[in-house]
Each structure stands twice: as structure tokens, then as C-alpha cells.
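Here is how the chains run, residue by residue.
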Amino acid sequence: MNAMEKLQKELKKELEDSRYIHTLGVAYTAACLAMRYGENMEHAFLAGLLHDCAKSKNIDHKKMMSLCEKHAIPVTDFEKENPVLLHAKVGSFLAKDEYGVTDEGILSAIRWHTTGHAGMTLLEKIIYIADYIEPNRKKQPHLDEVRGICFQNLDDGLRRILHDTLFYLSEKKSVDPTTQDTYDYYMATILEEE
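For the structure given in this document, a descriptive report is provided here. (Residues numbered from 1 in each chain as written. Predicted model: local features only at pLDDT ≥ 70, side-chain atom pairs only at ≥ 80, totals over all residues. Heavy atoms only, no water.)

With that settled, the discussion passes to helix H2 (residues 17-37). The terminal C-alpha atoms of H2, which comprises 21 residues, lie 30 Å apart, in line with the 30 Å expected from a rise of 1.5 Å per residue. Gly 38 sits one or two residues past H2 and shows a positive phi near 80 degrees. (Helix = DSSP H or I, 4+ residues; strand = E, 2+ residues; numbered from the N terminus. Expected span 1.5 Å × (residues − 1).)

Given below as C-alpha cells:
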């Protein structure tokens, strides 16, 4: 059994069944996007596998906050009010501390997979997008169209996902400022390209 198979076996024990299925969907979608856009497929697959590792059965929101305090992981006021968002930061920490990932690009892709940020790397975009479009997702609007766009032009797909995400979150009246900043940045890049 190779290292990736061992990791999958371990994650299968740690995650709820539906979360594990989602995790595999993200990993394989990330590898496909990496193949399409010339990113390292193993890095994309590994980041996809570990992107939700902090959503383990053993880690609730209180434990995530505790891990942030213990390891000096910064927490914004918005994250304090919406601790589910902490799983990205905590996941990046756990990927390094528990699973031995040392590649900063992989850790960063895990760190930013929920909100994105201005000037994302190719791998960060791939994990952000794969989390949204993986085959087990059903509820997001316009998924078939968005999936097609993502395999034609990654940045156009990213912009569409950010747009749809902000629309969805604004209806709930809870938009993370980082997600808004990410959207603003990538919408501004359209104007620069024109």
C-alpha cells in the first residue's frame, strides 16, 4: 500500500461517510483540473484529500477554536461568529502537523479553499474550484454550466463560482470579507484584461 492509499484509509476512518465521499470527489476533480492546466497532479490530489481534514468526527467548532489559540492561528471576528470557516486554517495546520505535508503550496491551497484570496496560485484556484464542482455536489446553482466553464477557462470558472457564492451568501446575510475581497480582485482583473 502506497502513502496515498494509507492516507485515504486513515481519512475514511476520521471523516463521516458523506464527507469522505466529498473528499474523494475533490481530490479526483483537482487532479483532473491539474492535468488540464499543467499543475502537479499529485500535489492537487493530496491537497484535495486533505482540504477538509479538520472536519474530522473528532473535531468540533470548540476544538477548532482551541487549536487556533494553542497554535497561534489568527482568527477573525467573522470566523469567531462563523467557526465552520476555521476548518480551512486548522486543516492546513493539521496537514502539516498530523499528516506530514511540508509543501507550502499544498498547505496554502488547503488554507484558502473556502474563501480564496487575491492573487491565488494555480493550485489554490484548483482546490477552491474542485471543492465547488466535484461530482457529488448537487445544490449549487448552474453546476453543469459552471463545471464546463472551469474546464474551458479556469479564471472564468473562478469568477463565476465567486459570483454565485456571493449571491448565495448575501441571501443569508453573512459574507466573509475575504470572499468579498477575492471576488472584487478577480472582477477587477477582467477590466484589466479588456
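The subject of this paragraph is the nonpolar core. Soluble globular proteins tend to bury their nonpolar side chains together. In terms of nonpolar packing, the biggest core is built from 54 residues, with Leu 50 and Ile 129 touching the most fellow members. Element by element, the count of residues in this core is highest for H2, at 9 residues. Excluding residues within four positions of it along the chain, Ile 129 makes contact with Leu 33, Cys 150, Leu 154, Leu 158 and Ile 161. (Core = buried A, V, L, I, M, F, W, Y, C linked by side-chain atoms within 4.5 Å. Buried < 20%, exposed > 50% of the residue type's maximum accessible area, 1.4 Å probe, protein only. Contact = heavy atoms within 4.5 Å.)

Within the secondary structure, Glu 124 is located in helix H8 (residues 122-133). The spatial distance from the C-alpha of Glu 124 to the C-alpha of Asn 136 is 20 Å, given a sequence separation of 12 residues. Ignoring anything within four residues of it in the chain, the contact list for Glu 124 reads Ser 108, Ala 109, Trp 112 and His 117. At 2.3 Å, the side chain of Glu 124 forms a polar contact with the side chain of Ser 108. (Polar contact = N/O pair within 3.5 Å; in protein donor to acceptor, adjacent residues only side chain to side chain.)

To describe two helices that pack against each other, one gives the angle between their axes and the distance between the axes. For the pair H2 and helix H3 (residues 41-50), the least separation of the axes is 7 Å and the interaxial angle reads 160 degrees. As far as their axial angle goes, H3 and H2 are roughly antiparallel. In this structure, the crossing between H2 and H3 has a hand that is right-handed. Across the interface between the two elements, Thr 23, Leu 24, Val 26, Ala 27, Tyr 28, Ala 30, Ala 31, Ala 34 and Met 35 from H2 touch Met 41, Ala 44, Phe 45, Gly 48 and Leu 49 from H3. Of the residues contributing to the contact of H2 with H3, the split by class is 12 nonpolar, 2 polar and no charged. (Axes fitted to C-alpha atoms, helices over the stretch in contact; angles between N-to-C directions. Parallel < 35°, antiparallel > 145°, perpendicular 65-115°, else oblique. Left-handed = near helix turned anticlockwise from the far one by under 90°. Nonpolar A, V, L, I, M, F, W, Y, C, P; charged D, E, K, R; others polar.)

Here helix H6 (residues 86-97) crosses helix H7 (residues 104-111) at 155 degrees, and the two axes come no closer than 7 Å. In terms of axis orientation, H6 runs roughly antiparallel to H7. In terms of crossing hand, the pair formed by H6 and H7 is right-handed. Of H7, the residues touching H6 (which contributes Ala 88, Lys 89, Gly 91, Ser 92, Ala 95 and Lys 96) are Glu 104, Leu 107, Ile 110 and Arg 111. Looking at the contact of H6 with H7, its residues break down into 4 nonpolar, 2 polar and 4 charged.

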